[in-house]
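So the chains spell out like this:
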Amino acid sequence: MSVTISPKEIVRRAKETGAKGIAYTYNEPAIFVEFTHDTAILAKKEGLKNIYVSNGFESDETFKYIRDYIDAINIDLKSFSKDYYIKVCKAKIEPVLNNIKKFFQIGVETEVTTLIVPGLNDSKKELKSIAEFLVSVSSDIPWHVSAFYPTYKMTDIFPTPHSTLVNAYNIGKKAGLKYIYIGNIRDTVRSSTFCPKCGQCLIKRDGYDVKIDMDLGKGKCSKCAEKIYGVWK
Ligand SMILES: [Zn+2]
């Protein structure tokens, strides 16, 4: 079944349901970039935020075309190995690393997700390299370490054990990242946001249940007033 919908209609529906923004996701948004561009411009005019969920493969032309309309982006960094990108993703790693830097540096809220696949990209060395790369751009970048489940073309690998994700979480913390989140698996502590300065739990997450204890208007810790990275208004 196919659905025909215009950018104007998407923005109208988002407003009607009381959404605060529109996320362009599941299909890679850069492959329908003109549509996201037109939608994002209209959404911005209506006070909505625009969020890209991307593989980080935007060309420089695409980057320039959308950068003024995107408030936040989540980029998948699948691995820190050139071979993994070539063999498993059939792609190159360099554009992904460059786009993480570029989007962060122009002030688009940039977050990174790594899907951790047992035996392929879960070594201590590789996770450390990813975390250290992110710190080299900024320790503010939130890093999501997500659980893999066997599906589609990769059914011969077991789901990611919780302990592997905790290991990645600890490696990220040690490398100096301030915000790390375990995803795709239940972990209420390691999916919550803590103040990097005083340790106060600011956003408690349990699945889709969210409890907020921070000054959202200012984006600051409710206890020590530390500025928390993110788009808060
Ligand atoms: Zn604090």
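Source: prediction; values computed, not measured.

A.B. asks: Help me understand the nonpolar core in this model?
C.D. replies: In a soluble, globular protein the nonpolar side chains are often hidden away together inside. Residues Ala131, Trp143 and Val145 are the most contacted members of the largest nonpolar core, which totals 40 residues. Considering each element in turn, this core owes the most residues, five residues, to helix H7 (residues 162-175). Counting the residues that make up this core, at least three belong to each of domain 1 (1-70) and domain 2 (76-191). Every residue in contact with Trp143, bar those within four places of it in the chain, is listed here: Val112, Ala131, Leu134, Gly172, Leu177 and Ile180. Among the nonpolar cores identified, the runner-up in size contains five residues, and Cys195, Met214, Cys221 and Ile228 belong to it.

A.B. asks: Would you mind going over the pairing of strand E9 (residues 209-212) with me for this structure?
C.D. replies: Put simply, side chains in a regular strand alternate between the two faces of the sheet. Bridge analysis of strand E8 (residues 201-206) against E9 gives four bridges, and the strand direction is antiparallel. Within E9, the residue paired with Asp206 across the bridge is Asp209. Connecting E8 to the next strand, E9, in antiparallel fashion are two residues, including Gly207 with a positive phi near 65°.

A.B. asks: Can you help me understand the sheet that holds E9 in this one?
C.D. replies: Each strand in a sheet pairs with another by means of backbone hydrogen bonds, the pair being arranged parallel or else antiparallel. One open sheet accounts for three strands, arranged E7-E8-E9; its pairing is antiparallel. Whereas interior strands pair on both sides, the edge strands pair on one side only; in this sheet they are strand E7 (193-194) and E9. Two strands pair when backbone bridges link them, and E7 and E8 are joined in this way by two bridges, in the antiparallel orientation. In the strand pairing of E8, Thr193 is matched with Ile203.

Scoring rules and cut-offs
- Position labels on residues start from 1 in each chain and follow its written sequence.
- With pLDDT at 70 or above as the cut-off, local features in this predicted model cover only qualifying residues; side-chain atom pairs require 80 or more to be listed or tallied, and sums for whole chains, interfaces and linings still use all residues.
- Defined on buried residues, the nonpolar core groups Ala, Val, Leu, Ile, Met, Phe, Trp, Tyr and Cys residues joined through C-beta atoms within 7 Å.
- Exposure criterion: with C-beta atoms placed from backbone coordinates, a residue whose C-beta has 20 or more other C-beta atoms within 10 Å is buried, one with 12 or fewer is exposed, and one in between is partly exposed.
- Only DSSP runs of H or I covering at least 4 residues are called helices, and only runs of E covering at least 2 are called strands; the numbering of each starts at the N terminus.
- Here the bounds of each domain stem from an automatic or database domain assignment.
- Contact criterion: two residues are in contact if their C-beta atoms, reconstructed from the backbone, are within 7 Å.
- At least two bridges found by DSSP between two strands are what make those strands a pair.

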